[in-house]
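Structure assessment
Take a look at the letters that make up each chain.
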Amino acid sequence: MAPMAESITVRGELELLARAGHLFSSVGEEFVCAARDLDTWPRPAARRDAQARVRDSGAGHVRKLLSPAALADEGGRAHLSELAARGARVRIAAGALPHETIIIDRRWAILAGADSPTGRAYTVTGAPTLVGGVHALFEAAWAAATDLASFLRGDQPHLDARSRTVLRALGSGATDEAAARDLGMSLRTYRRRVAELLDALDAGSRFQAGVRAGELGLSG
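The following refers to the structure shown. This one's a predicted model, so the numbers in the text were calculated from it and none came from an experiment.

So, how was this worked out
- Think of each chain on its own: its residues are numbered from 1, step by step along the sequence as written.
- Only residues with pLDDT of at least 70 are given local features in this predicted model, and only at 80 or more are side-chain atom pairs given and counted; all residues enter the totals for whole chains, interfaces and linings.
- Only hydrogens and water are set aside; all other atoms, that is, all heavy atoms of the structure, feed into the side-chain values.
- The angle between two axes is taken between their N-to-C directions and runs from 0 to 180 degrees, where each axis is a line fitted to C-alpha atoms and a helix contributes only its stretch in contact.
- To qualify as a helix, a DSSP run of H or I must reach at least 4 residues; to qualify as a strand, a run of E must reach at least 2; elements of each kind are numbered from the N terminus.
- Note on terminology: angles under 35 degrees are roughly parallel, angles over 145 are roughly antiparallel, angles of 65 to 115 are roughly perpendicular, and the others are oblique.
- We call two residues contacting when some pair of their heavy atoms lies within 4.5 Å.
- Each residue is assigned to one of three groups, with Ala, Val, Leu, Ile, Met, Phe, Trp, Tyr, Cys and Pro labelled nonpolar, Asp, Glu, Lys and Arg labelled charged, and all others, Gly among them, labelled polar.
- Pairing of aromatic rings covers Phe, Tyr and Trp, the last through its six-membered ring, and needs centres within 6.5 Å; plane angles under 30 degrees mean stacked, over 60 mean edge-to-face, and all others mean tilted.
- For each residue, the accessible area found with a 1.4 Å probe, counting protein chains only, is set against the maximum for its type, and the residue is called buried under 20%, exposed over 50%, and partly exposed in between.
- Either the NZ atom of lysine or the CZ atom of arginine qualifies as a charge over a ring when it sits within 6 Å of the ring centre and within 35 degrees of the ring normal.
- Put simply, a nonpolar core is a bunch of buried Ala, Val, Leu, Ile, Met, Phe, Trp, Tyr and Cys residues held in one set by side-chain atoms that sit within 4.5 Å of each other.
- Here, expected helix span is obtained from the residue count minus one, scaled by 1.5 Å.
- In this description, the arc belongs to the directions extending from the helix axis to the C-beta atoms.
- Here, a salt bridge means any side-chain nitrogen of Lys or Arg that lies within 4 Å of a carboxyl oxygen of Asp or Glu.
- Paired strands, in this sense, are two strands between which DSSP finds at least two bridges.
- Each polar contact in these results corresponds to two N or O atoms within 3.5 Å; when the atoms are within protein, one needs to be able to donate a hydrogen and the other to accept it, and residues that are neighboring in sequence are counted only if both atoms are side-chain atoms.

This part covers the packing of helix α1 (residues 13–25) against helix α2 (residues 44–57). Across the interface, α1 lies against α2 with an axial gap of 9 Å and an inter-helix angle of 10 degrees. As judged from the angle between their axes, α1 and α2 are roughly parallel. Contacts between α1 and α2 involve Glu13, Leu17, Gly21, His22, Phe24 and Ser25 on the former and, on the latter, Ala46, Asp49, Ala50, Arg53, Val54 and Ser57. Residues that form the contact of α1 with α2 fall into these classes: five nonpolar, four polar and three charged.

The structure is reproduced here in structure tokens:
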């Protein structure tokens, strides 16, 4: 097979698999996908083909980030629960996500365009700057999303943006003084925020807060 250009645009799932299907089969370390729902590919057979390629590739880590719309019916909930049972990490975003984004081994990104009568366009890129930027956006959305099991239980504590920032500071191991300085807070305000965070997570210590945040998918 001739080497693929650094960036190409194809039309429809069949051309995507014909031109870039080998990428789905070559996942080594990580396959991540962000999508608004489970029906982003109009052709179910093509979707099953891509899924089988990823599964057979022996990908070390699989992460799926979806909008709440993916849980609108029992079939969607069952499918995502099955993925999680097989080892995939699944989180639900707070709101809608645009179309679909796939990142393979942080080396390739596949970006889906809007629906159109002639078929959806997909841009496949291996440009390091573009892939890095897309991956950074994915990580930000992932950090703010909720673990599937917690979302289904409805027991996700509400943490505002500043509380999540304090949580990351706790996880960094920085001293209170250094964390407060980095966050532009007084030491007193920072420690009050930490106390509020422990209360929100029902944790008796900072260590327990970290464990609880990990259980709920809040720690990144």
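The next point concerns the packing of aromatic side chains. Applying the stated rule across the entire model yields two aromatic pairs. Ring geometry for phenylalanine 24 versus phenylalanine 31: centroids 6.4 Å apart, planes at 45 degrees, classification tilted. A single burial state applies to phenylalanine 24 and to phenylalanine 31, both of which are buried. Taken together, a centroid distance of 5.8 Å and an interplanar angle of 25 degrees make the contact between phenylalanine 138 and tryptophan 142 stacked. Taken together, the positions of phenylalanine 138 and tryptophan 142, both in helix α4 (residues 128–144) and four residues apart, correspond to about one turn of that helix. One cation-aromatic arrangement involves arginine 63 over tryptophan 142; the distance from NZ or CZ to the ring centre is 5.0 Å.

Attention now moves to the nonpolar core. With 31 residues, the main nonpolar core has Phe24 and Leu80 as its most contacted residues. Excluding residues that lie within four positions of it along the chain, phenylalanine 24 makes contacts with Leu17, Phe31, Trp41, Ala50, Arg53, Val54, Ser57, Ile102, Ile104 and Ile110. One finds Ala179, Met185, Val194 and Leu201 within the second-largest nonpolar core, a separate group that totals 15 residues.

Residues that lie three or four places apart on an α-helix share one face, since the helix turns once every 3.6 residues. Between its first and last C-alpha atoms helix α8 (residues 187–200) spans 20 Å; for 14 residues at 1.5 Å apiece the expected length is 20 Å, and the two agree. Listing the buried residues of α8 in full gives Tyr190, Val194, Leu197 and Leu198. One side of α8 carries all its buried residues, which in axial view fall inside an arc of 100 degrees. In this structure, α8 carries Arg188 and Asp199 as exposed residues pointing more than 90 degrees from its buried face. Looking one or two residues beyond α8, the residue adopting positive phi is aspartate 202, at roughly 55 degrees.

Before going further, it helps to spend a moment on the pattern of salt bridges. If you walk through the whole model with that rule in mind, you get 12 salt bridges. Note that arginine 36 is salt-bridged to aspartate 37, the shortest N-O span being 4.0 Å. Assessed through its relative accessible area of 24%, arginine 36 is described here as partly exposed. The shortest N-O distance in the salt bridge between glutamate 196 and arginine 192 comes to 3.0 Å. Separated by four residues within a single helix, glutamate 196 and arginine 192 lie in helix α8, roughly one turn from each other. Of the residues examined, glutamate 196 reaches a relative accessible area of 37% and is grouped as partly exposed.

With that settled, the discussion passes to the pairing of strand β6 (residues 108–112). Counting buried positions over the five residues of β6 gives four, a clear majority of the element. Direction of pairing for strand β5 (residues 100–104) relative to β6: antiparallel, over a ladder of four bridges. By the bridge assignment, isoleucine 103 is partnered in β6 with alanine 109. Here β6 pairs with strand β7 (residues 121–125) via four bridges, running antiparallel. From the neighbouring strand, alanine 109 faces β7, where its bridge partner is threonine 125.

With respect to the element layout, serine 67 can be found in the loop between β3 (61–66) and α3 (74–85). Polar side-chain contacts of serine 67 include one of 3.5 Å to the backbone oxygen of arginine 36. Residues in contact with serine 67, not counting those within four places in the same chain, are Ala35, Arg36, Ile92, Gly95, Ala96 and Leu97.

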